[in-house]
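# A structural walkthrough
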Amino acid sequence: MSNPDKKEGNLKTKLLHEVKAYWIYVAYLSLVFAAFTQYRRLILADVGIIYTDYGVAVIEALILAKVLMIGDMLHLGRGLEHKPLIFSTLLKTAIFTLFVSLFTFIEHAIKGLIKGEGALEGAMEFLGKGPYEVLAGGLVIFTAFIPLFALREVGRAMGGEGKLLALFFKRRDVQ
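Cut-offs and rules
- Residues numbered from 1 in each chain as written.
- Predicted model: local features only at pLDDT ≥ 70, side-chain atom pairs only at ≥ 80, totals over all residues.
- Heavy atoms only, no water.
- Phe/Tyr/Trp six-rings, centres within 6.5 Å; stacked < 30°, edge-to-face > 60°.
- Buried < 20%, exposed > 50% of the residue type's maximum accessible area, 1.4 Å probe, protein only.
- Axes fitted to C-alpha atoms, helices over the stretch in contact; angles between N-to-C directions.
- Helix = DSSP H or I, 4+ residues; strand = E, 2+ residues; numbered from the N terminus.
- Parallel < 35°, antiparallel > 145°, perpendicular 65-115°, else oblique.
- Left-handed = near helix turned anticlockwise from the far one by under 90°.
- Contact = heavy atoms within 4.5 Å.
- Nonpolar A, V, L, I, M, F, W, Y, C, P; charged D, E, K, R; others polar.
- Salt bridge = Lys/Arg side-chain N within 4 Å of Asp/Glu carboxyl O.
- Core = buried A, V, L, I, M, F, W, Y, C linked by side-chain atoms within 4.5 Å.

## Quick notes on the packing of aromatic side chains
One pass over the structure, following the stated rule, counts five aromatic pairs. On the basis of an interplanar angle of 80° and a centroid distance of 5.1 Å, the ring pair of Tyr22 and Trp23 is categorised as edge-to-face. For Tyr22, a relative accessible area of 17% gives the class buried. With a relative accessible area of 48%, Trp23 lands in the partly exposed category.

Right, here's the structure in full:
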């Protein structure tokens, strides 16, 4: 195989890996956010409020999966990968939660610009939700990220995510 063919093969492999990782993130986050949406619906139904924003869960999952991919590209949270898995898992969970929060803040600022209200007005809309709602959103993200990063770190420790995926999705011989 010539060098350009090797690069093209590596590019295809990398692209396939990235697409697969993205859709795994989307599937996982969609399930988590749908569960929290259902929880919110049931709580609000108890006080007579109808809540049916299920599409928001999928849209959030699509966006956050991309944010995770960007964070991976920036090598966020790689500082403790040589330590026990609990440390790297919790560090990545915390750093990616803060990264998502920052991204959400910037997203609202951009929305303010698009609406013609200004970036500051858009950012203030985000902060105007109040500290409890902002913290609750962060807690949901943090909680959702713990198992995600724990599995990623276990896969990394096993020598790659392919081995972990094989454990979950390939038939094994019972001894």
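## Quick word on the packing of helix H3 (residues 85–114) against helix H4 (residues 119–127)
It is at 6 Å that the axes of H3 and H4 come closest, and there the two elements cross at 130°. When the interaxial angle is binned, H3 and H4 end up oblique. Where H3 crosses over H4, the two elements pack in a sense that is right-handed. Every residue of H4 that contacts H3 at Thr104, Phe105, His108, Ala109, Gly112 and Leu113 is listed here: Ala119, Gly122, Ala123, Glu125, Phe126 and Leu127. Along the lines of polarity and charge, the residues of the contact of H3 with H4 split into seven nonpolar, four polar and one charged.

## Some thoughts on the pattern of salt bridges
Evaluated as defined, the whole model comprises eight salt bridges. Lys92 is the partner of Glu153 in a salt bridge, and the nearest nitrogen-oxygen pair spans 2.7 Å. With a gap of 61 residues between them, Glu153 in helix H5 (residues 131–157) and Lys92 in helix H3 connect regions that are remote in the sequence. You can call Glu153 buried: its relative accessible area is 2%. One salt-bridge network, in which partners are shared between bridges, spans Arg78, Glu81, Lys92, Glu153 and Arg156.

## Overview of the nonpolar core
Counting 22 residues, the largest nonpolar core has Leu29, Phe33, Leu64, Leu68 and Phe145 as the members making the most contacts within it. Elements supplying a minimum of two residues to this core: helix H1 (3–45), helix H2 (54–73), H3 and H5. Setting aside chain neighbours within four positions, we find Leu29 in contact with Ala61, Leu64, Ala65, Leu68 and Phe145.

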